Amino acid sequence: LERSDKKAYEEAQKRLKMAEEDRKAMVPELRKKSRREYLAKREREKLEDLEAELADEEVLFGDVELSRHERRELKYKRRVRDLAREYRAAGEQEKLEATNRYHMPKETRGQPARAVDVVEEESGAPGEEQRRWEEARLGAASLKFGARDAAAQEPKYQLVLEEDETIEFVRAAQLQGDEEPSSVPPPSAQAQQKESIQAVRRSLPVFPFREELLAAIASHQVLIIEGETGSGKTTQIPQYLFEEGYTKKGMKIACTQPRRVAAMSVAARVAREMGVKLGNEVGYSIRFEDCTSERTVLRYMTDGMLLREFLSEPDLASYSVVMVDEAHERTLHTDILFGLIKDVARFRPELKVLVASATLDTARFSTFFDDAPVFRIPGRRFPVDIFYTKAPEADYLEACVVSVLQIHVTQPPGDILVFLTGQEEIEAACEMLQDRCRRLGSKIRELLVLPIYANLPSDMQARIFQPTPPGARKVVVATNIAETSLTIEGIIYVLDPGFCKQKSYNPRTGMESLTVTPCSKASANQRAGRAGRVAAGKCFRLYTAWAYQHELEETTVPEIQRTSLGNVVLLLKSLGIHDLMHFDFLDPPPYETLLLALEQLYALGALNHLGELTTSGRKMAELPVDPMLSKMILASEKYSCSEEILTVAAMLSVNNSIFYRPKDKVVHADNARVNFFLPGGDHLVLLNVYTQWAESGYSSQWCYENFVQFRSMRRARDVREQLEGLLERVEVGLTSCQGDYIRVRKAITSGYFYHTARLTRSGYRTVKQQQTVFIHPNSSLFEQQPRWLLYHELVLTTKEFMRQVLEIESSWLLEVAPHYYKAKE
Ligand code: ADP
Ligand code: MG
């Protein structure tokens with residue numbers, strides 16, 4: 001090392017030591033902090049927006065006579081702006097945040113909510129303005145839920161929950177229903193069980209329209225079907241088609257789902273309704289898992305799987321009907337399917353195309369498919385009262401837990417549905433809930449806590465559909481999956497923190513990251529709607545009415561506009577679609593994103609300089625994984641280490657759920673994890689874990705002893721087997737590196753040379769884009785700080801973290817990607 005480098009290096013080491021200590025203290029604070037930072041940032045942006053808006057309005061309305069309302073609005077905005085400016089100038093971040101808050105002083109607890117604002121007025125904080133605005137806008141009938149609503153239960157509720165453990169909600173709006181609140185009582189568990197499965201089928205909103213629907217399908221090639229979630233689109237329509245004979249002569253029906261869990265769960269349900277074994281007439285097919293057979297005529301599959309079907313059967317000749325379900329989700333794969341299916345439909349007039357969607361966006365689909373008719377299934381929806389919090393919640397996970405208990409002890413019977421962003425959060429929330437219930441013991445009625453997310457084993461998934469036992473209450477803690485894809489009967493209360501996990505992509509830098517972001521208004525309303533399926537319901541939003549109005553986007557941006565396209569471009573190229581700029585997109589991706597995808601595929605050797613698919617590109621498309629991962633697998637041939645690379649690839653695909661850390665054994669768990677560390681980095685750690693597990697005879701006991709998740713390992717084993725089965729197709733032989741890990745690391749580098757970072761004086765920077773990034777504190781390299789490394793993915797939480805990092809040497813980059821990296825002269 002040069003001297004200056006050495007010094008920088010030592011300094012970095014020192015900083016890191018400190019950071020590590022900080023981290024230990026910080027972890028519980030992390031979630032709170034990111035939320036606070038987010039609020040502060042939002043606050044800044046809001047001021048900027050406001051300034052811009054005012055500037056516009058002042059120009060526009062300078063001389064125009066304004067109505068009283070408009071004048072008030074303008075005055076209000078000016079006042080907020082001035083206050084915000086003042087606070088900002090004074091650097092009083094805390095006070096600035098207060099523009100967004102309603103403080104509920106302790107003394108007023110238990111009194112009507114109206115007493116609240118006295119304190120605000122005294123301090124002159126802008127919250128009062130906001131409250132007035134809000135009341136004017138929403139006609140807010142302030143209602144302290146838990147107090148007035150269930151007055152009789154209040155004493156009990158106060159006894160059970162600590163005073164400062166409750167959250168204040170105000171009722172501010174109602175989602176209109178088309179049924180009278182009291183027209184149908186919530187079905188009791190017994191009634192549900194008694195009803196035969198056929199009776200349930202006949203009771204679904206789609207049933208009365210069966211004949212009409214089939215007639216419409218018969219007379220139109222493309223039909224858009226719109227219906228409330230839970231009306232029976234997904235489970236019934238394919239069955240109607242089956243009954244109508246669309247699967248005669250060996251033809252199949254495909255129904256696509258954006259999510260794996262939905263495909264699995266719905267297929268299981270339909271198999272049960274038809275009285276067949278899953279995998280016979282009805283099956284599902286998702287990546288790395290095929291539960292279909294020769295006999296399968298109703299195929300539920302992820303949209304990505306149907307996309308891959310085009311590779312083996314470009315005209316979908318064995319399908320009589322393709323139903324693109326959950327079209328409103330606008331996933332990347334669904335969007336691409338639209339373009340391809342529209343094309344196939346032109347030269348296969350007998351192919352029926354159904355596009356099914358919740359009540360969103362159907363006009364756009366119709367226009368896209370040359371004004372195809374829209375078939376509306378009238379919904380069945382009860383009104384839902386919407387409640388907001390008075391103040392933003394700094395820690396929404398904690399707030400969720402508190403609110404669930406609050407609902408449980410104060411509200412009449414009915415199950416609860418909570419929306420969180422991912423597995424980690426869901427598990428944490430479930431644990432916290434169970435913990436508190438245990439502590440409360442017999443003071444509260446039984447609360448069944450059930451998680452649902454993508455990696456949950458299917459027996460656990462099925463549990464959410466089981467009727468709640470009498471006297472108990474069920475709380476389902478779900479990802480977005482429960483927004484429209486799955487309908488759980490009996491939900492009366494919805495708890496919505498207002499966030500979702502979203503991919504975002506910066507085409508300028510080519511960096512993709514996964515971020516927890518506020519959901520859209522459309523999403524929030526879909527979530528609320530889940531409460532009104534069986535009776536009038538309530539939706540508790542863990543954000544303020546102001547936040548809803550001003551901080552949520554109207555709709556979610558389609559995935560195609562916020563993701564990298566390497567995968568899809570490779571697929572389209574292998575389908576012989578060369579002119580991507582003119583592909584029939586419902587919404588085109590940003591031009592730069594397309595260009596960058598082409599560039600990356602060129603760098604990976606999948607395309608030649610004319611943009612044509614190379615032999616290696618064709619092989620890469622054969623593997624159902626990201627181009628970078630495919631490239632890594634192909635490169636293992638050259639470095640004779642395919643055995644190891646397959647394991648790494650499989651472990652990367654189940655990523656982040658390998659180790660677990662029970663709260664009472666954190667030290668043991670951490671030690672166990674550290675015992676797997678190998679010099680070189682996380683990819684080798686993953687390899688090590690898998691190898692030792694395999695040596696144990698794939699034992700679950702071994703997993704238990706080593707704090708490794710057995711389910712994840714089992715899944716990794718499945719994935720590995722599938723990939724191994726594909727090796728022959730891509731002409732890679734099975735070879736082992738015999739402990740020479742340099743070869744493994746070089747093969748990984750061959751695929752991931754795009755994702756490299758270098759240690760500079762100011763920390764890590766990505767090599768090409770010079771973006772500041774950090775090693776994730778969970779990484780085995782966190783304390784080592786190698787000069788050069790590659791990462792598997794970037795995750796933005798409090799910082800831009802690299803997850804799964806591997807130490808590399810800069811000379812390898814020249815070796816594996818000479819066309820991309822040049823030696824410094
Ligand atoms: P849509 O697609 O219109 O949203 P679905 O066909 O998914 O409606 O749902 C129709 C009904 O089937 C709902 O009442 C739902 O509760 C029920 N259902 C769906 N999947 C399952 C399952 N796995 N177990 C039990 N009931 C289910
Ligand atoms: Mg559906």
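Structure shown above.
Residues numbered from 1 in each chain as written. Chains lettered and ligands numbered in written order. Predicted model: local features only at pLDDT ≥ 70, side-chain atom pairs only at ≥ 80, totals over all residues. Heavy atoms only, no water.

> Just to check I follow, could you spell out the sheet that holds strand S2 (residues 222-227) for this structure?
Remark on secondary structure: sheet strands pair via backbone hydrogen bonds, oriented parallel or antiparallel. Taken in spatial order, the eight strands make up an open sheet running S5-S4-S6-S3-S7-S8-S2-S9, and their pairing is mixed. Strands with a single pairing partner mark the edges of an open sheet, and in this sheet they are strand S5 (289-291) and strand S9 (374-377). Neighbour-to-neighbour, the strand axes of this sheet turn through a mean angle of 20°, independent of strand direction. Pairing between strand S7 (residues 319-324) and strand S8 (residues 352-357): four bridges, direction parallel. (Pairing = 2+ DSSP bridges. Helix = DSSP H or I, 4+ residues; strand = E, 2+ residues; numbered from the N terminus. Axes fitted to C-alpha atoms, helices over the stretch in contact; angles between N-to-C directions.)

> So what exactly am I meant to see when it comes to the site of ligand 1 here?
Looking at ligand 1, there are 15 residues lining it, with Gly230, Lys233, Thr234, Thr235 and Glu489 nearest. Note that an oxygen atom of ligand 1 is positioned 3.0 Å from one of the side-chain N or O atoms of arginine 533. Compared with its free state, where it exposes 560 Å², ligand 1 has 94% of that area covered by protein. Listed by contribution, the elements that provide at least two residues to the shell around ligand 1 are helix H10 (233-243) and helix H11 (260-274). Considering each element in turn, the shell around ligand 1 owes the most residues, three residues, to H10. (Near = heavy atom within 4 Å. Polar contact = N/O pair within 3.5 Å; in protein donor to acceptor, adjacent residues only side chain to side chain. Areas by Shrake-Rupley, 256 points an atom, 1.4 Å probe, with all protein chains shown as cover.)

> I'm lost on the side chain of histidine 408 in this one. Help?
Its location among the elements puts histidine 408 in helix H15 (residues 396-410). Accessibility expressed as a relative area gives 3% for histidine 408, which makes it buried. Setting aside anything within four residues of it in sequence, one finds histidine 408 in contact with Ile444, Arg445, Glu446, Leu447 and Arg473. (Buried < 20%, exposed > 50% of the residue type's maximum accessible area, 1.4 Å probe, protein only. Contact = heavy atoms within 4.5 Å.)

> Even after reading the chapter, I still don't get the pattern of salt bridges, so can you show me in this structure?
Close approach of charged atoms allows side chains with opposite charge to pair. Scanning the entire structure with this criterion turns up 31 salt bridges. Aspartate 496 is the partner of arginine 527 in a salt bridge, and the nearest nitrogen-oxygen pair spans 2.7 Å. Taken as a pair, arginine 527 in helix H19 (residues 521-529) and aspartate 496 in strand S14 (residues 491-496) lie far apart in primary sequence, 31 residues in all. The same class applies to arginine 527 as to aspartate 496, namely buried. The closest approach of N and O atoms between glutamate 622 and arginine 729, which form a salt bridge, is 2.9 Å. Of this pair, glutamate 622 sits in helix H23 (residues 615-622) while arginine 729 is found in the loop between helix H29 (710-727) and helix H30 (741-752), placing the two residues 107 residues apart along the sequence. (Salt bridge = Lys/Arg side-chain N within 4 Å of Asp/Glu carboxyl O.)

> How should I be thinking about unusual backbone geometry in this particular structure?
Apart from glycine, the bulk of residues carry a negative phi angle, and the bulk of peptide bonds sit in the trans form. Within the chain, phenylalanine 707 stands out as a residue other than glycine whose phi angle is a positive 55°. Locating phenylalanine 707 in the fold gives a position in the loop between helix H28 (700-705) and H29. By relative accessible area, which is 11% here, phenylalanine 707 ends up buried. Phi is positive for glutamine 738, which is not a glycine, with a value near 55°. For glutamine 738, the position within the fold is in the loop between H29 and H30. Using a relative accessible area of 69% as the deciding quantity, one classes glutamine 738 as exposed.

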